[in-house]
Amino acid sequence: MNDNRVSPQVNYDDYLDKYMMICRWHDHGFYIYLSDDLLDWGTGVMLVAEPTGEDYLYPSLVGLNGSDKDGDQNYDLYFCHTPDEGNPGTHKLRRAWVTFFN
């Protein structure tokens with residue numbers, strides 16, 4: 001795995017019939033990678049861009065059914081947002097809605 005990917009989370013998605021890994025790409029945002037075998041992850045696709053001077057940390061996909069193991073087509077993406085990179089005490093919990101299309 002590339003050293004620039006941090007905080008990975010792996011789920012299996014019934015809708016896509018693939019494993020999904022979401023992680024933070026240092027100073028760029030969150031990316032999703034797909035795999036059939038947990039070994040080859042292919043090219044990532046950006047889900048959320050990280051604004052300059054801010055930190056997005058600890059991505060977690062949770063299915064709308066409350067499960068992190070299978071979310072079908074729709075997920076909530078939860079993450080920590082630090083609007084002021086120089087002040088780590090300003091973490092805020094954020095949520096974004098993610099829909100995958102096969």
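Everything below is about the structure printed above this text.
What comes next is a walk through the structure. Please read these numbers as outputs of a predicted model, since none were measured by experiment.

Conventions used here
Residues numbered from 1 in each chain as written. Predicted model: local features only at pLDDT ≥ 70, side-chain atom pairs only at ≥ 80, totals over all residues. Heavy atoms only, no water. Pairing = 2+ DSSP bridges. Helix = DSSP H or I, 4+ residues; strand = E, 2+ residues; numbered from the N terminus. Axes fitted to C-alpha atoms, helices over the stretch in contact; angles between N-to-C directions. Salt bridge = Lys/Arg side-chain N within 4 Å of Asp/Glu carboxyl O. Buried < 20%, exposed > 50% of the residue type's maximum accessible area, 1.4 Å probe, protein only.

**Focus on the pairing of strand 6 (residues 74–82)**
Then step 1. In terms of strand pairing, strand 5 (residues 55–63) meets strand 6 through 7 bridges, oriented antiparallel. By the bridge assignment for strand 6, Leu61 is matched with Leu77.
Then step 2. Relative to strand 7 (residues 92–99), strand 6 is paired through 8 bridges, and the arrangement is antiparallel. Counted as the bridge partner of Asp76 is Trp97 from strand 7.

**Regarding the sheet that holds strand 6**
Then step 1. The sheet built from 3 strands is open, its strands ordered 5-6-7 with antiparallel pairing. Only two strands of the sheet have a single partner each, and these edge strands are strand 5 and strand 7. For this sheet, the mean inter-axis angle between neighbouring strands, taken without regard to orientation, is 25°.

**Concerning the sheet that holds strand 3 (residues 29–35)**
Then step 1. With antiparallel pairing, the 4 strands of this open sheet are ordered in space as 1-2-3-4. The strands lining the two open edges of the sheet, one partner per strand, are strand 1 (5–13) and strand 4 (45–49). Along the sheet, successive strands turn relative to each other by an average axial angle of 25°, direction set aside.
Then step 2. In the sheet, strand 3 pairs with strand 4 via 4 bridges, with the strands oriented antiparallel. Following the sheet pairing, Tyr31 is matched in strand 4 by Met46.

**What about the pattern of salt bridges?**
Then step 1. A complete count under the given rule lists 3 salt bridges for this structure.
Then step 2. Lys18 serves as the salt-bridge partner of Asp36, at 2.7 Å between the closest nitrogen and oxygen. You can see Asp36 sitting in the loop between strand 3 and strand 4 and its partner Lys18 sitting in strand 2 (residues 18–25), a full 18 residues away along the chain.
Then step 3. Here Arg24 and Glu50 are joined by a salt bridge, their closest N and O atoms 3.0 Å apart. You can see Arg24 sitting in strand 2 and its partner Glu50 sitting in the loop between strand 4 and strand 5, a full 26 residues away along the chain.
Then step 4. A relative accessible area of 6% means that Arg24 is categorised as buried.
Then step 5. The class for Glu50 is buried, based on a relative accessible area of 9%.

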